[in-house]
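# Overview (structure and organization)
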Amino acid sequence: MKKKVDTNKIEISFSLNGEKKTMLIKSSMILLDLIRDEIGLTGTKTGCNEGECGACTVLINDVAVNSCLFPAINIQGKNVTTIEGISDGVKLDPVQEALIEKGGVQCGFCTSGMVMTIKGMQTKFKKGKHKPTTEEIKKGLEGNLCRCTGYVKIVEAAEKVIHGHS
Amino acid sequence: MNFDITTPTTKTELLKAIKSTKNFRFGAGYTDLLMEFKKNPPKDLTVINLAQLNDKHFSSITKTKTQIRIGAMVTASEIISDKFIHDKFPVLHHAANNLASTQIRNVATIGGNLCTASPSGDVACALMALNATCEILSTTNKIRKVNTKDFFIGVRKTVLKKNEILQSITIPLNQKGKIHSGFIKIGTRLSMECSVISLAYHFIFDNKQKIISAGIGIGSSAPTIRFTQTACDYVNGKKLAEIDRDKFAKEILTYASPISDIRGSAWYRKEVLYNISKNIFGKL
């Protein structure tokens, strides 16, 4: 059982964007607050804060989750990827390239969440032999809201990355 | 929001935590629990965190000749990607696949869906149609079995006692035949929706086209999800041509006592339930 170090504080070790970290956190801390307020990575957005909009999406062991509904202590031993870890800082990730090329970015508030969800889908479908249909891609994006684009361009970008054609 | 948390990693630690903690809630996928805490911050509460529990009874899907066992910590996404469930229990596959969104499905657990005991629980409704049984572990390390039909006793209330935890669910695999199985969810939109009405059905036909097994669960239509026993009895042993579909749908309706709320009126819910019930067999 995890030992409590201080009342209400717990030590966790995890990897964030490829970098190993050990932190002492409040036991009831939410992952989104850890990422934004404690670590200072503000690319992950706070939208609805109730798992509806997907702006806070991050990858945990390559799987997309809503960080607003995820207890921070459960990243113990896991790999967390945020939007800041998706590219090397010089060259953009193909998901980001595709969103720009297809015009899938307008105000940009949903974009980091969209990128993470598409990235999660890309990894998932790379593992299996199944090529997803457009409907399946849309279903994969149902947890991400965008109030600007009307989704068509975002779906096109996702298709481009996942199917590997334009 | 403030709460204490204890994270057992083995079954022994888990049972000890249940025994020694006074005021606690279980945390599995947290998609419902944290929402609840955000609305009503808990006071003097300990969360028994199940997410790091390393016990295959809780976390795996196993099959034998007579049944399939699904651990309470298995996520909706794991159910969706299980080929056996997809082929043998389409109703469960559909229900899991219609739950909320990708991000939620990746963490939400089957045990959480049951123990939350929402009248609109999708996965729970499908499990009831499949005649699934809950395997409940107590702090004395004994297992008590309760059929999903008897698991719910009210809105957000189950038969679970203070010293018990849902460990796994079993679904019987005792009958062979042609399967007609699915999950119908009526909502006000297609994604991220809490259903206005839902219906889970699972029928098995023998080689003479006679129904040899029938299971129908309805959701969002009563304080709990309900198993429509008399409707199942009515179609059991019959061929499709022998079923009066109006009578069948009305039999299902006898189990519905819906409320009017923001999603739909009681009248509307009943109308929809009647219509989808009548059409369960579609063009078969």
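Keep in mind that what you see is a predicted model, and the values were worked out from it rather than measured.

### Some details on the domain arrangement of chain A
Residues and elements named next belong to chain A. By the assigned domains, chain A splits into domain 1 (9–84) and domain 2 (94–163). Computed from C-alpha atoms alone, the centre-to-centre distance between domain 1 and domain 2 is 21 Å. Contact residues are listed per partner, giving 17 residues for domain 1 and 13 residues for domain 2. For the pair domain 1 and domain 2, the summed buried surface comes to about 1100 Å²; carbon and sulfur atoms form 65% of the total. On the domain 1 side of the contact with domain 2, Thr-57, Leu-59 and Ile-83 bury the most area, a combined 38% of that side's loss. Summed over the shared surface of domain 1 and domain 2, the number is four residue pairs in polar contact (both at pLDDT 80 or more). Per-element tally for the side of domain 1 that touches domain 2: the top contributor is strand β3 (residues 57–60), with three residues.

### Concerning the packing of helix α11 (residues 245–253) of chain B against helix α12 (residues 266–278) of chain B
Think of two packed helices as two axes; the pair is described by the angle between the axes and how far apart they sit. Residues and elements named next belong to chain B. Where α11 meets α12, the axes come as close as 8 Å, and the angle between the chain directions of the two elements is 135 degrees. By the angle class used here, α11 and α12 are oblique. Regarding α11 and α12, the two cross each other, and that crossing is right-handed. Listed contacts from α12 to Arg-245, Asp-246, Phe-248, Ala-249, Lys-250, Ile-252 and Leu-253 of α11 are Lys-270, Leu-273, Tyr-274, Ser-277 and Lys-278. Residue composition of the contact of α11 with α12, grouped by class: six nonpolar, one polar and five charged.

The rules behind each value
Residues numbered from 1 in each chain as written. Chains lettered and ligands numbered in written order. Predicted model: local features only at pLDDT ≥ 70, side-chain atom pairs only at ≥ 80, totals over all residues. Heavy atoms only, no water. Domains from an automatic or database assignment. Contact = heavy atoms within 4.5 Å. Buried area = accessible area lost by both parts, 1.4 Å probe. Polar contact = N/O pair within 3.5 Å; in protein donor to acceptor, adjacent residues only side chain to side chain. Helix = DSSP H or I, 4+ residues; strand = E, 2+ residues; numbered from the N terminus. Axes fitted to C-alpha atoms, helices over the stretch in contact; angles between N-to-C directions. Parallel < 35°, antiparallel > 145°, perpendicular 65-115°, else oblique. Left-handed = near helix turned anticlockwise from the far one by under 90°. Nonpolar A, V, L, I, M, F, W, Y, C, P; charged D, E, K, R; others polar.

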